[in-house]
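Here's the letter readout for the chains.
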Amino acid sequence: MRELVEVIAKALVDNPDEVVVTERQEGRTTVVEVRVSESDMGKVIGKQGRIAKAIRSVVKAAAAKEDKKVIVDIAG
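Each value, and the rule that gives it
- Residues numbered from 1 in each chain as written.
- Predicted model: local features only at pLDDT ≥ 70, side-chain atom pairs only at ≥ 80, totals over all residues.
- Heavy atoms only, no water.
- Helix = DSSP H or I, 4+ residues; strand = E, 2+ residues; numbered from the N terminus.
- Contact = heavy atoms within 4.5 Å.
- Polar contact = N/O pair within 3.5 Å; in protein donor to acceptor, adjacent residues only side chain to side chain.
- Buried < 20%, exposed > 50% of the residue type's maximum accessible area, 1.4 Å probe, protein only.
- Arc of directions from axis to C-beta.
- Core = buried A, V, L, I, M, F, W, Y, C linked by side-chain atoms within 4.5 Å.
- Pairing = 2+ DSSP bridges.
- Axes fitted to C-alpha atoms, helices over the stretch in contact; angles between N-to-C directions.
- Parallel < 35°, antiparallel > 145°, perpendicular 65-115°, else oblique.
- Left-handed = near helix turned anticlockwise from the far one by under 90°.
- Nonpolar A, V, L, I, M, F, W, Y, C, P; charged D, E, K, R; others polar.

A. Representation of the environment of Asp 14. Residue position: Asp 14 is located in the loop between α1 (2-12) and β1 (20-26). Distance in space between the C-alpha atoms of Asp 14 and Asp 73 is 20 Å, their sequence separation being 59 residues. Every residue in contact with Asp 14, bar those within four places of it in the chain, is listed here: Asp 40 and Lys 43. Engagement of the side chain of Asp 14 in a polar contact is seen with the side chain of Lys 43, the distance being 2.9 Å.

Written out as structure tokens, the structure is:
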């Protein structure tokens, strides 16, 4: 899942070199944390959080295929 989120985030931002995606396990749940530069936060979140919701929906669908639960956390 980390790779999927990384590809999506790098496609959205102006500074793809500053995108850092980490993945950690919390019980049966995988948490994918996305860090982008402060100037790119708006591009990843979108108006009223629409882009962030879309990223989470795509990841949730991919995780459902593998019978996993994944949470996407966006940090500045």
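B. View of α1. Listed in full, the buried residues belonging to α1 are Val 5, Glu 6 and Ala 9. Down the axis of α1, the sector holding all buried residues measures 100 degrees, keeping them to one side. Turned more than 90 degrees from where α1 packs its buried face, Val 7 and Ala 11 sit exposed.

C. View of the nonpolar core. Val 5, Val 34, Val 36, Val 59 and Val 72 are the most contacted members of the largest nonpolar core, which has 18 residues in total. At the level of elements, α1, β2 (29-35), α2 (41-45), α3 (50-65) and β3 (69-75) are the ones that each hand at least two residues to this core. Here this core gets four residues from one element, more than from any other, and that element is α3. Look past the residues within four positions of Val 5 in its chain and what remains in contact with it is Val 21, Val 32, Val 34, Val 59 and Val 72.

D. The arrangement of the sheet that holds β2 in detail. Spatial strand order, β1-β2-β3: three strands in an open sheet with mixed pairing. Either end of the sheet is taken by a strand with one partner, and the two such strands are β1 and β3. Ignoring which end each strand starts from, the neighbouring axes of this sheet average 20 degrees apart. Bridge count for β2 against β3 is seven bridges, and the pairing is parallel. From the neighbouring strand, Val 31 faces β3, where its bridge partner is Ile 71. Lying over the sheet, α1 contacts β1, β2 and β3, oriented at roughly 150 degrees with respect to β1.

E. The arrangement of the packing of α1 against α3 in detail. Remark: α1 packs on α3, axes separated minimally by 10 Å, with the N-to-C direction vectors making an angle of 155 degrees. By the angle class used here, α1 and α3 are roughly antiparallel. Judged by the twist between their axes, the crossing of α1 over α3 is right-handed. Between α1, through Leu 4, Val 5, Ile 8 and Leu 12, and α3, the contact on the second element is made entirely by Ile 51, Ile 55, Val 58, Val 59 and Ala 62. Of the residues assigned to the contact of α1 with α3, the class counts are nine nonpolar, no polar and no charged.

In short, the description is geometric, and any link to function would need to be established separately.
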